[in-house]
Amino acid sequence: MAERSTAAVDVADNSGDEPLTAKADAASTDGTAETQDAEGANSTDTASGRDGSAAAPASPDLHSGHKLARRYRLEECVTRLDGFSSWRAVDEKLRRAVGVHLLPADHPRARSVLAAARSSALLGDPRFVQVLDAVEEGNLVYVVHEWLPDATELTALLAAGPMDAHDAYQLVSQISQAMAAAHREGLAHLRLTPGAVLRSSTGQYRIRGLAVNAALRGITADQPLRTDTEAIGALLYAALTRRWPYESDAYGLSGLPKDLGLIPPDQVRAGVHRGLSELAMRALANDGATASRQEQPCTTPDELAKAVAAMPRILPPEPTFTAPPEYQRTTYQQGTYGRPSARPSSAAQPVIAVPPPPLQSRTGKALKWAVSALLIAALGLGSWQLAETVLDRSSDSGEPTPMQTTDDDGDDKNAVAPSKPLTVVGAQDYDPLADGSEKPATIKNVYDGDKNSYWSTDGYYSAEFGGLKKGVGVVLDLGEVQQVGTVDVSFLGGSTSVELRTTKDSSVPQMPDGFTKVAQGSGTNVSLKPDKQVKARYLLVWLTKLPLSDGGNYRGKISDIKVTS
């Protein structure tokens, strides 16, 4: 058994208070919800989430309906603790829900919160809940972040029971990869608890409060890499066992029995995946102690992510199908024909002569044969008369056989004019559903005629852009309105789904719905041809589903686009 990890305990002990998820939307809060009675909170050391300074200024006395920057309308307070408060709000400019952290400008942690929020915003990784704004305005400092009403907090998922092996595998894989990317940019979480992890409706896990949650509470760590790694190990342990891997209860989970130390998950609950159990112990191991074998402990999220990748992939469980209800016979099928009678044999039943069905008597059979003979004769006579009429018309027709006419050069005058290539005078990346920009520096590669050069999208967690948007694309400018016949698109990296949209407007529409969809297809070499004649100046090559790239994410790559009339 491994020794208890001090760093992981410090993280756990600072966050064992009961969150407000029972009072607020569990999928939408900022992960900082604690008990609203902060007067009894311990404020003696920084590792427990307090900075040890004098009492923090009272949190701003605001109310529902208050507006920040004439834009963010506060709706509901979900946290009020240590001189700061967290709110569910509405961005009236973009008409969407957001989350807001508020604290006084003279709060001892106001500067560190602003710095953490701005650093987190620069990361721009879709695996994290994004910081949208960080502002100091008058006597207030506030941080605005995404609000995800369709996601579910890990605390709520664990309340329903332990996860199966596939879900736990996806959890540790995605969280470790995301935190490894954050640490490469110099960002640590330090408060990675079940309340800080969300699972979206598409199955993607997202982490909220990167750097910001720790700054709000003054949490620091001498070894941030080790702290976050052990926190991921604790999440995996809880997912496998529905127990918190320490003696104290936390996040609605029971702790381990006292005096047993840190025991592997497969000794806590039967049926736990052995590989995931050992992985959790390697992340939680302290000073080189491991659970059972001699694998080295994982001390960084990157090491943990590599250990997950080295495991055999855990497939999802086979779907279970409900057996169809037993076939119910109709009243007619429940007769006695072909089966012994269900009535008792002792009751003598009189034998009743049943008349034969219609046309089954001798007279009926003769009538059927007569009708069949008449129908055959009528059919033969009609066919002979029809053939004779057709032959007479063919012989009597005096019309000349139509002939094709050609011009003096011998060309067919009725032939369709051959297609010709159209010149693309310019192109631009098109990403109106997100930040408006998607690799603009390489956009000329799509029409330079070189199939070795390419333009690519950003990397996403899933083929459907990680659920962040419906698509991205490239807009081609033909210079003027022209007849468009076929648009041939060559992709690299795998089969890609694409749509062709057009417009005759003099400017590029702001949203994809401003174009008209005329064709669609998928593959590596896709020929998009409208069903009818189309005239357009701007063509939108709109990517809707991306292939899996070598880097483990999903990315679209266009090497060449050719347009013909």
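Reading guide: rules and limits
Residue indices begin from 1 for each chain and proceed along its sequence in written order. Where local features are concerned, this predicted model is filtered to residues with pLDDT of at least 70; where side-chain atom pairs are given and counted, the filter is 80 or more; whole-chain, interface and lining totals use all residues. Side-chain metrics rest on all non-hydrogen atoms present in the structure, leaving aside hydrogens and water. Where helices and strands are cited, they refer to DSSP runs of H or I of at least four residues and of E of at least two residues respectively, numbered from the N terminus. Contact between two residues is taken to exist if any of their heavy atoms lie within 4.5 Å; hydrogens are not considered. The Shrake-Rupley method, run with a 1.4 Å probe, gives the accessible areas here. Residue values count only the displayed protein chains as cover. Note on pairing: two strands pair once DSSP finds at least 2 bridges between them. Every residue gets a pLDDT, meaning the predictor's confidence in that residue, from 0 to 100. In these notes, a set of buried Ala, Val, Leu, Ile, Met, Phe, Trp, Tyr and Cys residues joined through side-chain atoms within 4.5 Å is what counts as a nonpolar core. Accessibility here uses a 1.4 Å probe with only protein chains present; expressed as a share of the type maximum, an area under 20% marks a residue as buried, one over 50% as exposed, and anything in between as partly exposed. One speaks of a salt bridge when a side-chain nitrogen belonging to Lys or Arg is within 4 Å of a carboxyl oxygen belonging to Asp or Glu. Any two of the Phe, Tyr and Trp rings considered here, Trp counted by its six-membered ring, make a pair once their centres fall within 6.5 Å; the pair's planes then place it as stacked at under 30 degrees, edge-to-face at over 60, or tilted in between.

1. What about the overall build of the chain?
Point 1. When you go through the chain residue by residue, the secondary structure sums to 10 helices and 18 strands.
Point 2. Sequence separation of at least 24 residues holds for 69% of the intrachain contacts in the chain that already meet a minimum separation of 6.
Point 3. For the chain, the exposed surface amounts to about 30,800 Å²; the carbon and sulfur share of it is 51%.

2. What to know about the pairing of strand β17 (residues 534-545)
Point 1. Across nine bridges, strand β12 (residues 472-484) lies against β17 in antiparallel orientation. Paired with V484 across the bridge in β17 is V534.
Point 2. Pairing of strand β14 (residues 496-503) with β17 involves seven bridges; the strand directions are antiparallel. Across the sheet, the residue bridging to R501 is L540, located in β17.

3. Thoughts on the pairing of strand β2 (residues 72-81)
Point 1. Sheet topology note: the strand β1 (residues 67-68)/β2 ladder contains two bridges and is antiparallel. When the bridges of β2 are listed, L68 appears paired with Y72.
Point 2. Between β1 and the antiparallel strand that follows it, β2, lie three residues; A69 among them carries a positive phi value of about 55 degrees.
Point 3. Pairing of β2 with strand β3 (residues 84-91), which is carried by eight bridges, proceeds in the antiparallel orientation. Bridge pairing in β3 places Y72 opposite D91.
Point 4. Counted between consecutive antiparallel strands, the loop separating β2 from β3 contains two residues, among which D82 sits at a positive phi close to 50 degrees.

4. What about the sheet that holds strand β18 (residues 557-564)?
Point 1. Ordered in space as β11-β18-β13-β16, the four strands form an open sheet in which the pairing is antiparallel. Looking at the sheet topology across the chains shown, the edges are occupied by β11 (455-456) and β16 (525-528).

5. Concerning the sheet that holds strand β9 (residues 205-207)
Point 1. Taken together, three strands build an open sheet; the order of strands is β7-β8-β9 and the sheet is antiparallel. Two strands close off the open sheet at either side, each with one partner strand: β7 (152-153) and β9.
Point 2. Looking at chain direction, β7 and strand β8 (residues 197-199) are connected through two bridges and run antiparallel. Paired with T152 across the strands is R199, a residue of β8.

6. Examining the confidence of the model for the chain
Point 1. Looking at the chain, pLDDT values average 81 and 76% of them are 70 or higher.
Point 2. This model gives residues 287-292 a pLDDT under 50, and the stretch forms 15 contacts once residues within four places in sequence are excluded.
Point 3. In this model residues 334-338 is a low-confidence stretch, pLDDT under 50, and it forms two contacts with partners more than four residues away in sequence or in other chains.

7. A word on the nonpolar core
Point 1. Counting 65 residues, the largest nonpolar core has I175, M179 and L192 as the members making the most contacts within it.
Point 2. Take this core: its biggest share by element is nine residues, from helix α6 (residues 224-241).

8. Here we look at the pattern of salt bridges
Point 1. Here the structure, examined in full by the defined rule, presents 25 salt bridges.
Point 2. E438 is the partner of K469 in a salt bridge, and the nearest nitrogen-oxygen pair spans 3.4 Å. Of this pair, K469 sits in the loop between β11 and β12 while E438 sits in the loop between β10 (426-430) and β11, and the two are 31 residues apart along the sequence.
Point 3. What makes E438 buried here is its relative accessible area of 1%.
Point 4. Overlapping salt bridges, with partners in common, bring together K67, R73, E75 and E92 in one network.

9. A short note on the packing of aromatic side chains
Point 1. On inspection of all chains with the given rule, the structure shows five aromatic pairs.
Point 2. Measuring from ring centre to ring centre gives 6.1 Å for Y430 and W542, while their planes differ by 70 degrees; the resulting arrangement is edge-to-face. Remark: W542 occurs in strand β17 and Y430 occurs in strand β10; sequence separation between them is 112 residues.
Point 3. A relative accessible area of 5% means that Y430 is categorised as buried.
Point 4. Exposure remark for W542: the relative accessible area of 3% places this residue in the buried category.
Point 5. Arranged with centres 5.2 Å apart and planes meeting at 75 degrees, the rings of Y460 and F465 form a pair that is edge-to-face. F465 matches Y460 in its accessibility class, with the two residues each being buried.
Point 6. Aromatic rings pair up to connect W244, Y246 and Y251 into one cluster.

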